Amino acid sequence: MTPFISIIIPFYGTADPVLLQRCITSIREQGMEEGSYEIIVADDESQTTGGST
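Along each chain, residues carry numbers from 1 onward, in the same order as the chain's sequence is written. This being a predicted model, a pLDDT of at least 70 is required before a residue's local features are given, and a value of 80 or more before pairs of side-chain atoms are given or counted; all residues contribute to the totals for chains, interfaces and linings. Based on all heavy atoms of the structure, the side-chain values leave hydrogens and waters out of the count.

A. Molecular detail of the overall build of the chain. Helix and strand definitions here come from DSSP, where helices need a minimum of 4 consecutive H or I residues and strands a minimum of 2 consecutive E residues; each element is numbered from the N-terminal end. Looking only at helices and strands, the chain has one helix and two strands in total. The order of α-helices and β-strands along the chain, N terminus first, is β-α-β. The contact criterion used throughout is that any non-hydrogen atoms of two residues lie within 4.5 Å. Across the chain, every contact between residues at least 6 apart in sequence was considered, and the portion connecting residues at least 24 apart equals 76%. Computed with the Shrake-Rupley method and a 1.4 Å probe, the accessible areas treat only the protein chains shown as cover for residues. Per element, the accessible surface of the chain, about 4,200 Å² overall, is 54% carbon and sulfur.

B. Structural view of the side chain of Ser36. Within the secondary structure, Ser36 is located in the loop between α1 (17-28) and β2 (37-43). A relative accessible area of 12% places Ser36 in the buried class. At 2.5 Å, the side chain of Ser36 forms a polar contact with the backbone oxygen of Glu33. Each residue's exposure class comes from its accessible area (1.4 Å probe, protein chains only) as a fraction of the maximum for that residue type: buried when under 20%, exposed when over 50%, partly exposed otherwise. In the analysis that follows, any N or O atom pair within 3.5 Å is treated as a polar contact, provided that within protein one partner can donate a hydrogen and the other can accept it, and provided that, for residues neighboring in sequence, both atoms belong to side chains.

C. Broad picture of the environment of Phe11. Take Phe11: it is sitting in strand β1 (residues 5-11). Expressed as a C-alpha distance, the spacing of Phe11 and Asp43, which sit 32 residues apart in the sequence, is 5.0 Å.

D. Looking closely at α1. Over its 12 residues, α1 runs 17 Å from end to end, which matches the ideal 16 Å to within 8%, given 1.5 Å per residue. Listed as buried for α1 are Leu20, Ile24 and Ile27. When α1 is viewed along its axis, its buried side chains cluster within an angular range of 60° and face the same direction. Exposed side chains of α1 directed beyond 90 degrees from the buried face belong to Val18 and Arg22. Buried-residue contacts for α1 involve β1 and β2. Measuring from the side-chain oxygen of the N-cap residue of α1 to the backbone nitrogen of Val18 gives 2.9 Å; that N-cap residue is Asp16. Working rule for helices: expected span equals 1.5 Å times residues minus one. This arc describes the spread of directions from the helix axis toward the C-beta atoms.

Taken by themselves, the reported measurements are silent on function.
Here it is, written out as structure tokens:
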């Protein structure tokens, strides 16, 4: 049985969404079998969107 992995990425409203996408893409390109992991993006629920100052 393949272990299931949870990857948690903290993301704040002022963070750059391009960096978040790069991070997710990098995780997906690691060669792990699809379905053997989950990616959880934890948002701080701020009122700004990613990249705003």
